[in-house]
Amino acid sequence: MVSRVIPVDPFDLVLFGATGDLARRKILPSLFHRFQIAQFSPQSRIIGTSRSKLDKSGFQAFVAEAIREFGQEGETGEEDIAAFVQLLDYVPVDAKDDTGWLALKSHLRADVIRVFYLSVGPSLFPEIASRLSSCNIATPESRIVLEKPFGHDLGSAQALNGALRDHFDESQIYRIDHYLGKETVQNLMALRFANSLFEPLWNSTHIDHVQITVAESIGVAGRGEYYDRSGAMRDMVQNHLMQLLCLTAMEPPSRFTSNAVRDEKVKVIEALETVAQGDLARGQYRATPGSAVADSYLDHAGDPNSRTESFIAMKVQVANWRWAGTPFYLRTGKCLRARESEIAVYFRDPPHNIFEGADGVHGNVLVIRLQPDEGITLRTTIKDPGPGGMRLTGANLDMTFADSLPEAGRPQDAYERLIMDVIRGNQTLFMRGDEVEAAWAWADPIIDGWSQSGAAPQAYDRGGSGPEDSLLLMHRDNRRWRTIGA
Ligand code: BG6
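Residues numbered from 1 in each chain as written. Predicted model: local features only at pLDDT ≥ 70, side-chain atom pairs only at ≥ 80, totals over all residues. Heavy atoms only, no water.

> Please give an account of the overall build of the protein chain that cites residues and values.
When its secondary structure is counted, the protein chain shows 14 helices and 16 strands. In terms of C-alpha radius of gyration, the protein chain reaches 24 Å, essentially the compact-globule figure of 23 Å for 486 residues. With respect to the three principal axes, the spread of C-alpha positions in the protein chain is 80 × 55 × 50 Å. Accessible surface for the protein chain amounts to roughly 21,400 Å². Of this, 51% is attributable to carbon and sulfur atoms. Of note, the protein chain has its 51 positive side-chain charges centred 1 Å away from the centre of its 64 negative side-chain charges. (Helix = DSSP H or I, 4+ residues; strand = E, 2+ residues; numbered from the N terminus. Rg over C-alpha atoms; globule rule 2.2 N^0.38 Å. Areas by Shrake-Rupley, 256 points an atom, 1.4 Å probe, with all protein chains shown as cover. Lys, Arg positive; Asp, Glu negative; His and termini not counted. Charge placed at Lys NZ, Arg CZ, Asp CG, Glu CD.)

Printed below as a string of structure tokens:
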């Protein structure tokens, strides 16, 4: 197969929080895989920092172990790991005092791209940004990468953006929403803007409604305290589902450049109406009846009276010419029947049925599957084959990327692409500051609405499809959610 890898220039990547969970599970294995396919050369360096008193060889052993545990199955050869760890170095740095900053500076080279990746709690972002600047470690060409959450509400997001912009230009700031690095999310843009078939139909004249589902089978065990301060709205909707909504609803950008794409996304967020409390359903998973282990949300939340939602569903209206009259239904939750993320676009029924007496004529549904089995399905109505008259039935035009394009190889983790985009200096798949703030400006009044009412989330069973209220939200509109894990 011809290599499609586009090499990047040599870099020094400083990883703050290098011994943390995200670094171990995602960031370091992703860097390893891109090294393995020779996207960057051994001239690049990855410098781990954290408060842990590790040395270089201790960090190398830690990274080798992380790759063996979390690297792609069958692609973690010991020879490649041994070569990769030669790129590593380690400097103990304490973000809260002077320890290590000068040592860190002395490890960086003048003539290569500098990336500072902050895989640390957001309370440390301003402090680290300020020290990188005051110790003259960051240059005007350096890039800073941040993990969510970007604030807790509009005010805190503005404060955070302000603190970052005191030291870095917006063009240097890479805010990660890893959903944007998923293959199918980019495919959504390809599908819409590289085909002439869909775009003429992509509006309220032809589309009845859109369902966006991000269902997870896992619960919050292990991160209950963090999660309990966020809930599904802050943890998933304000960012990941918002991005899916934006890419589905946005106008075609004039070019595929970072600001052209992000300008269009901001316009969608600004067009969103505030969701009325009657147009949303919040849930919290309860214990499995008869289970010997404590497995309810409240068992892990750290607060036995918590009213935080582990599930949310809502009806969202995009108030613009393209979408007026076409609701977007969003839902996401933990401990549901399956891990399944998809965007389902429901087209309107044909305006007139010429097949008298034949039932089974349904509107087309285009399903864009993010995970698992990334791919696209189009539900069509066809003649039921064989004798029996003109009977109609539904049939799917189905494309799973892995089957249709086997030469593409294994699915790429979102982090692989995103980190390489940082090195390339391409911000298209990262959230701009105004975009994050617009999303909070939309989310805040909705969250305030239920906080003020004191309404508790409705209990739902583990392994199901969420609370009763979520089903009612659809029934009320004579619609039904797609079955999770069908
Ligand atoms: C994270 C959320 O951003 O995304 C988690 O904080 C969630 O709660 C995760 O589980 C889902 O990501 P993915 O890629 O597994 O769908």
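> Kindly report on the nonpolar core, identifying the contributing residues and their values.
Here is a general trend for soluble globular proteins: nonpolar side chains tend to be buried in one another's company. Membership of the largest hydrophobic core comes to 139 residues, with the highest contact counts inside it found for Phe16, Leu31, Phe84, Leu132, Met233, Met314 and Trp442. Per-element accounting of this core gives the leading share, 12 residues, to helix 8 (residues 224-249). (Core = buried A, V, L, I, M, F, W, Y, C linked by side-chain atoms within 4.5 Å. Buried < 20%, exposed > 50% of the residue type's maximum accessible area, 1.4 Å probe, protein only.)

> Which residues make up helix 8, and what values do they have?
With 26 residues, helix 8 should cover 38 Å at 1.5 Å per step; its first-to-last C-alpha distance of 33 Å lies more than 12% under that length. The largest bend in helix 8 is about 95°, located at glycine 231. For helix 8, a buried count of 22 out of 26 residues is recorded, marking the element as mostly surrounded by other parts of the structure. (Expected span 1.5 Å × (residues − 1). Bend = angle between axes of the 7 residues up to and from the residue.)

> Can you break down the packing of helix 8 against helix 9 (residues 258-271) residue by residue, with the values?
At a minimum axis distance of 9 Å, the contact between helix 8 and helix 9 shows a crossing angle of 105°. Judged by the inter-axis angle, helix 8 sits roughly perpendicular to helix 9. Touching Met242, Gln243, Cys246, Leu247 and Ala249 of helix 8 are Lys265, Val268 and Ile269, all from helix 9. For the contact of helix 8 with helix 9, the per-class residue count stands at 6 nonpolar, 1 polar and 1 charged. (Axes fitted to C-alpha atoms, helices over the stretch in contact; angles between N-to-C directions. Parallel < 35°, antiparallel > 145°, perpendicular 65-115°, else oblique. Contact = heavy atoms within 4.5 Å. Nonpolar A, V, L, I, M, F, W, Y, C, P; charged D, E, K, R; others polar.)

> I'd like a rundown of the site of the ligand, residues and numbers included.
For the ligand, the full set of nearby residues is Lys148, His178, Tyr179, Lys182, Glu216, Arg223, Asp235, Met236, His240, Lys334, Arg339 and Gln371. Measuring from an oxygen atom of the ligand, one finds a side-chain N or O atom of aspartate 235 at 2.6 Å. Protein chains shield 81% of the accessible area of the ligand, which is 400 Å² for the free molecule. Considering each element in turn, the shell around the ligand owes the most residues, 3 residues, to helix 8. Its residues assigned to classes, the shell around the ligand comprises 2 nonpolar, 3 polar and 7 charged. (Near = heavy atom within 4 Å. Polar contact = N/O pair within 3.5 Å; in protein donor to acceptor, adjacent residues only side chain to side chain.)

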